[in-house]
Amino acid sequence: MTANQIDLKEQLKKRLFDSISAQIDLIGYVPDDIAKLVKSFKFDSGNSGLVSDDAGLETGLIENEGITANYQADKEKLAELVNDHYDKIFYDCEGMMGILHGDTQYRNIGYWDETTLSQDQASERLQDALLAFIPEKSGRILDVACGMGASTRRLLNHYPAENIWATNISEKQIESTRKNAPGCNAQVMNAVDMAFDNDFFDSILCIEAAMHFETRQKFFEESFRVLKTGGYLVLSDILLTSRERFSQLPMYPSSDNHIETIEEYYQLLSAAGFSAIEIIDKSKDVWAAHFLRAINRIHEKFYSGDIDIIELTDTLWTYYNANAVMGTCLFVSAKK
Ligand SMILES: C[S@@+](CC[C@H](N)C(=O)[O-])C[C@H]1O[C@@H](n2cnc3c(N)ncnc32)[C@H](O)[C@@H]1O
């Protein structure tokens, strides 16, 4: 090998090492995850620099300085962090977003079965499954955390534009929604602080966003307030794998938003006043199916030469990192 080739090889090794180290640090907050990842592997103290001994695994003594978010639950700060995250990745159509999501304007992980061929189909299927909970699709509907407006646009199949409202904390995404769903009422608004009158909506839809709210409880109370009696709140939601995740990742709110079980979820909706509550665990057909498809697709792109080893490694780690965070995926319907 020439000196230049050796230098390039060393640069590649460093680049891969830095990328993988950063991802392991990010995964490493919750002891259970580390324990699962390493299984029977024994850490050599002083070697990895991550944990000192097996007791460290049990007591959770893993420090992630510089990565742990640990901000106070401040609404504006949180909105800024959420927007920094989504406004960047949602519009990266030439990069991984394009590879994994194709040309869909949806920005969720979808609902898959053996006939689902694309992310767009999976996202439409997700929305249709949630809308199926609403017995009569009439009157006014609100699409909370509407993303880039793909779901708002699909609502036009059932509702006239003037009866559709869409909200998001991102100005940029609301601009996209106005283009994607012309004539609908799209506004920048926080899901936990709605500027609508009491008893205004017949239905509320919220696709894959409540894990970002400070908190779900406030969102449920606001939804109950703005819904008419007899109106439905339908949503898909993801429970994170642990309370610690909320302080670990910048785009999530405080750990007050942690819900451990479906029973707790039920109690929260019930306490907000809702009845006829249905909560269904769809984890296998939502995150697990999306994950497998994404991992497959990224390898296809690698073998066809469209992405290099660095992009492959980065994306795989991002996905395995997300896999450590994603808990139960829920479909929820509740009536006022
Ligand atoms: C995973 S995306 C889902 C987007 C969209 N529902 C879809 O299915 O395409 C989560 C969305 O929640 C929005 N969001 C996060 N926190 C919010 C809040 N407090 N109020 C309103 N929207 C919020 C984000 O801006 C982002 O668009």
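That block above? That's the structure.
Computed from a prediction, not measured in an experiment: that's the story for all the values here.

A. Quick look at the site of the ligand. Lining the immediate surroundings of the ligand are 23 residues, of which N108, A145, G147, A191 and A209 lie closest. Sorting the residues of the shell around the ligand by element identifies α4 (75-89), α7 (150-155) and β2 (164-168) as the ones contributing at least two each. Across the shell around the ligand, the residue classes break down as twelve nonpolar, nine polar and two charged.

B. Looking closely at helix α9 (residues 216-226). All of the buried residues in α9 are R216, F219, F220, E222, S223 and V226. The arc that holds the buried residues of α9, viewed along the axis, is 165°, so those residues lie on one side. Where α9 is buried, its residues contact β4 (201-207), β5 (227-240) and α11 (262-271).

C. Summary view of the sheet that holds strand β7 (residues 326-335). Pairing is mixed across the open sheet formed by seven strands, whose spatial order is β3-β2-β1-β4-β5-β7-β6. The two strands at the open ends of the sheet, each matched to only one other strand, are β3 (185-188) and β6 (275-281). Averaged over all adjacent pairs, the angle separating strand axes in this sheet is 15°, with direction ignored. The pairing of β6 with β7 spans five bridges and is antiparallel.

D. Examining unusual backbone geometry more closely. At the junction of E214 and T215, the peptide bond is cis and its omega measures out at 10° in the coordinates. Tracing the chain through its elements places T215 in the loop between β4 and α9. Positive phi outside glycine occurs at D199, with the angle close to 55°. Within the secondary structure, D199 is located in the loop between β3 and β4. Given 13 C-beta atoms within 10 Å, D199 falls into the partly exposed group. With phi around 50°, E208 is a residue other than glycine that occupies positive phi space. By the C-beta count within 10 Å, which is 22 here, E208 ends up buried.

E. Spatial organisation of helix α13 (residues 309-325). For α13, spanning 17 residues, the distance from its first C-alpha to its last is 24 Å, which sits close to the expected 24 Å at 1.5 Å a residue. When α13 is considered as a whole, its buried residues turn out to be T315, A324 and V325.

F. Structural view of the nonpolar core. The biggest cluster of nonpolar side chains holds 60 residues, and the ones touching the most others in it are C206 and V234. At eight residues, β5 tops the list of elements feeding residues into this core.

Thresholds, definitions, all that
- Residues numbered from 1 in each chain as written.
- Predicted model: local features only at pLDDT ≥ 70, side-chain atom pairs only at ≥ 80, totals over all residues.
- Near = placed C-beta within 6 Å.
- Helix = DSSP H or I, 4+ residues; strand = E, 2+ residues; numbered from the N terminus.
- Nonpolar A, V, L, I, M, F, W, Y, C, P; charged D, E, K, R; others polar.
- Buried ≥ 20, exposed ≤ 12 C-beta atoms within 10 Å, placed from the backbone.
- Arc of directions from axis to C-beta.
- Contact = placed C-beta atoms within 7 Å.
- Pairing = 2+ DSSP bridges.
- Axes fitted to C-alpha atoms, helices over the stretch in contact; angles between N-to-C directions.
- Expected span 1.5 Å × (residues − 1).
- Core = buried A, V, L, I, M, F, W, Y, C linked by C-beta atoms within 7 Å.

Everything listed is a geometric property; what it means functionally is a separate question.
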